[in-house]
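# Reading the structure
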Amino acid sequence: MKAVSYNSRFLRKRSTVTMVGALMAVVLLAGCGNSTNAPTATSSSSASASEPIHILLSHSEFAYAKQAKEDDIYKKELNRLSGFNVKYDFLGHSDYAQQLSLRFASGDLADLIRTDSVVSTMHSGAVDQGVFLELGPLIDKYAPTLKKKIPAEFWKSPRISKDGKIYGIPVTRGVPADRSIFIRQDWLDKLKMDAPKTLDEYLAFFEAVKKEDMNGNGDPNDEYGLGMFNNIIWTDIFTPAFGVHTNKWSLKNGQLMPDIIDPRMKEAIAFYKQLYDKGYINPNLFVKKEDEQNASIAKGEVGVWGAAVYQYLAGYGKDNAQKTFLNQPNASVSMIAPPQGPRGDKGMALQSDEIYFVWVIPAKTKNPENIIKYLEWAYSSPDADQFFAYGIKGQNFTEENGQIKYDINQPVNVEKNAFQMYQVSLNPREIGFAAPLVLKALPESAKITKGYATSKESLIPNEAKYMPRLESLASHPELNIGAAQGTLFLDMFAKVLTGREPLDTAFDSFVADWKKRGGDAAIKEATEWYNKFSDKR
């Protein structure tokens, strides 16, 4: 079996709402409904599975979903299996937040809508204005399997519930963590080195990569131990070794504070400065794009990079590596644990609420019980399990003597990455790449399963994993942390690495500026949320 070509951009992009879209949503939201005059969802005895269920969501940059027509074979098969008449409206991905804001502003909504939270800035005030239907009673009556299969902590998330009432249904990420460190195993073998475990061992590997012509192209100066690109948080594998994380808030002296202003972050930046000065990192990391990073990996210019376990089969697996790596017949890749720092700290992915996105049902929706019944089928039916793992019987897989025969690398599955359509795009439950049925059928299943286990073991505890977006930062994007990293931190990081400013001066100035511009207000808001949230648990 050959390795499948996964979309390498999956789950990297995070939609951000523009101020114009957000303001329009706030100003015009009343047109969608409010707590006093919004029509309540009706419960009709004539409700039928034949009545259309309109679903609005993002195509997530999946090639197949972007071109799928109304009569698409996978949509038709899902409706045949479920007995429901489900119709999909796929919006863009990078501009999904803006488009959804405009939909809420105009009232042009669907029956089931993808959002990031019931209190999202894409539809500010929706819960309070009665725009969303309370779902708890409907779920209890028509979809008890949801409560059985989705852990209780998900339902308590502020992305799902407000004031003790459920207004959303979580779509889960499928696994607790999937972040991993990829390393050129053939380079380790050539250097007669074991996989690095400590910072010193990483430095030793990077130095060896710098000295040797690892890709064998005759140029010993075009390889870098660590490959990084402009999405810094995705390629950051070392800050956790110093006890901090660029996307983390930590409780200190009774206050919830971001790690980006923690003095230990200065130590992490100093380590990156060392890597930069020694030539262990590509010097264009601040402007290098993701596709350029992938090209560098393919050309054999990168020894270590941060990635996700599901990306292993994108071309790094044993069957497809030769198609990915140019003129490197012995190329092979391993997934390894993150490095341990001087005080024993280590980790990779920050513990999250494990919610991919959230389903909401507008209060104006007719026969919402029909939608809930469809979700019950999706969570409880063996036919659903099989479809969301393997697609269509006779097309994507066959069955012999009760045994499923599924090859994810068959043309019917990999053309336009069709497997993404049935494992994710049409899957209302989860990201299906790591579902047990899927993992069992993948090539190198044991290695991939171990990769997910290592990623889970590398999770970093997160006291703010349920914290909603802070209003204090909404108008100050330059102060953001994490995936939507603010320019203030990145500018400081770039100045230090490139030598434009000394570390102590640049970092101390950044911390003072961050607090002054609105950071102190954000810390106050975060601390108040933490205290209130902790009291409720």
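Relevant structure appears above.
Now for a quick tour of the structure. (Residues numbered from 1 in each chain as written. Predicted model: local features only at pLDDT ≥ 70, side-chain atom pairs only at ≥ 80, totals over all residues. Heavy atoms only, no water.)

## Section: helix α3 (residues 73–82)
By the burial criterion, the buried members of α3 are Tyr74, Lys75, Glu77, Leu78, Asn79 and Ser82. Those residues of α3 hidden inside the fold are in contact with α2 (63–67), β2 (85–91), α14 (368–380), α15 (382–390), α16 (411–414) and α17 (419–425). Where α3 begins, the side chain of Asp72 points an oxygen toward the backbone nitrogen of Tyr74, at a separation of 2.9 Å. Immediately beyond the C-terminal end of α3, within one or two residues, lies Gly83, with a positive phi of roughly 80 degrees. (Buried < 20%, exposed > 50% of the residue type's maximum accessible area, 1.4 Å probe, protein only. Helix = DSSP H or I, 4+ residues; strand = E, 2+ residues; numbered from the N terminus. Contact = heavy atoms within 4.5 Å. Polar contact = N/O pair within 3.5 Å; in protein donor to acceptor, adjacent residues only side chain to side chain.)

## Focus: the sheet that holds strand β6 (residues 169–172)
In a beta sheet, neighbouring strands are held together by backbone hydrogen bonds and run either parallel or antiparallel to one another. The strand order β2-β1-β3-β13-β6 describes an open sheet built from 5 strands, whose pairing is mixed. Looking at strand neighbours, the two that pair on one side only are β2 and β6, the edges of this open sheet. Across the sheet, the mean angle from the axis of one strand to that of its neighbour is 25 degrees, orientation sign disregarded. Of the pairings in the sheet, the one linking strand β3 (residues 112–115) to strand β13 (residues 355–360) comprises 3 bridges and is antiparallel in character. By the bridge assignment for β13, Arg114 is matched with Trp359. Running at roughly 135 degrees to β3, helix α4 (residues 96–106) makes contact with β1 (52–58), β2 and β3 of the sheet. (Pairing = 2+ DSSP bridges. Axes fitted to C-alpha atoms, helices over the stretch in contact; angles between N-to-C directions.)

## Remarks on the packing of α14 against α15
In contact at an axis separation of 5 Å, α14 and α15 are set at 75 degrees when each is read in the N-to-C sense. In terms of orientation, α14 lies roughly perpendicular with respect to α15. Of α15, the residues touching α14 (which contributes Trp377, Ala378 and Ser380) are Pro382, Asp383, Ala384 and Phe388. Partitioning the contact of α14 with α15 into residue classes produces 5 nonpolar, 1 polar and 1 charged. (Parallel < 35°, antiparallel > 145°, perpendicular 65-115°, else oblique. Nonpolar A, V, L, I, M, F, W, Y, C, P; charged D, E, K, R; others polar.)

## Some words on the side chain of Arg159
With respect to the element layout, Arg159 can be found in the loop between α7 (152–155) and β4 (161–162). Looking at Arg159, its side chain comes within polar contact range of the main-chain oxygen of Asp116, at 2.8 Å. If sequence neighbours within four positions are ignored, Arg159 has contacts with Asp116, Ser117, Val118, Asp353, Ile355, Tyr356, Phe357 and Val358.

## Points about the side chain of Thr115
You can see Thr115 is positioned in strand β3. Among the polar contacts made by the side chain of Thr115, one reaches the side chain of His123 at a distance of 2.7 Å. Discounting chain neighbours no more than four positions away, the residues touching Thr115 are Leu100, Ser120, Met122, His123, Phe357, Val358 and Val360.

## As for the environment of Leu313
Note that Leu313 resides in the loop between β11 (302–308) and α13 (321–324). Along the sequence, Leu313 and Pro443 sit 130 residues apart, while their C-alpha atoms lie 8.3 Å from each other.

## Here's the deal with the pairing of strand β9 (residues 249–252)
Note that β9 and strand β10 (residues 255–258) share 4 bridges and pair antiparallel. If you follow Trp249 over to β10, its bridge partner there is Pro258. Here β9 folds back onto β10, and the loop between the two strands holds 2 residues, one of which, Asn253, carries a positive phi near 50 degrees.

## A few points about the pattern of salt bridges
Summed over the entire model, instances satisfying the criterion amount to 26 salt bridges. The residue Glu501 makes a salt bridge to Lys495 at a minimum N-O spacing of 3.8 Å. Exposure remark for Glu501: the relative accessible area of 29% places this residue in the partly exposed category. Ionic contacts of the salt-bridge type, sharing partners, join the residues Asp89, Arg103 and Asp108 into one network. (Salt bridge = Lys/Arg side-chain N within 4 Å of Asp/Glu carboxyl O.)

## Considerations on the packing of aromatic side chains
What characterises a pair of aromatic rings is the spacing of the ring centres plus the angle enclosed by the ring planes. Enumeration according to the criterion identifies 35 aromatic pairs in this entry. With 5.6 Å between their ring centres and 45 degrees between their planes, Tyr74 and Tyr422 make a pair best called tilted. Pair noted here: Tyr74 is in helix α3 and Tyr422 is in helix α17, with a separation of 348 residues, a long-range link. Classification of Tyr74 by relative accessible area gives buried; the value is 2%. (Phe/Tyr/Trp six-rings, centres within 6.5 Å; stacked < 30°, edge-to-face > 60°.)

## Focus on the pairing of β11
The buried fraction of β11 is high, at 7 of 7 residues. Pairing analysis gives 5 bridges linking strand β7 (residues 179–184) to β11, with the strands arranged antiparallel. Across the sheet, the residue bridging to Ile183 is Val304, located in β11.

## Considerations on helix α11 (residues 263–277)
Here α11 contains 15 residues, and its C-alpha end-to-end distance of 22 Å stays within 8% of the 21 Å for a straight helix at 1.5 Å per residue. For α11, every residue scored as buried is listed here: Met265, Ala268, Ile269, Phe271, Tyr272, Leu275 and Tyr276. Around the axis of α11, the buried residues are gathered within 155 degrees of arc, so they sit on the same side. At the N-terminal boundary of α11, the capping side chain belongs to Asp262, with an oxygen 2.7 Å from the backbone nitrogen of Arg264. Backbone geometry just downstream of α11 places Gly279 in the positive-phi region, at approximately 80 degrees. (Expected span 1.5 Å × (residues − 1). Arc of directions from axis to C-beta.)

## Overview of the sheet that holds strand β8 (residues 224–226)
Strand order in the open sheet made by the 4 strands is β8-β11-β7-β12, with mixed pairing throughout. The open sheet terminates on both sides in strands that have one partner only, identified here as β8 and β12 (333–336). If you compare each strand with its neighbour and ignore which way they point, the axes differ by 30 degrees on average. Its contacts with the sheet place helix α19 (residues 445–457) against β7 and β12, and it is angled at close to 30 degrees to β12.

## Structural notes on the environment of Gln340
Among the secondary structure elements, Gln340 is positioned in the loop between β12 and β13. A C-alpha to C-alpha distance of 6.5 Å links Gln340 and Leu199, two positions 141 residues apart in sequence. Once residues within four sequence positions are removed from consideration, Gln340 is found in contact with Lys197, Thr198, Leu199, Ala241, Asp345 and Lys346.

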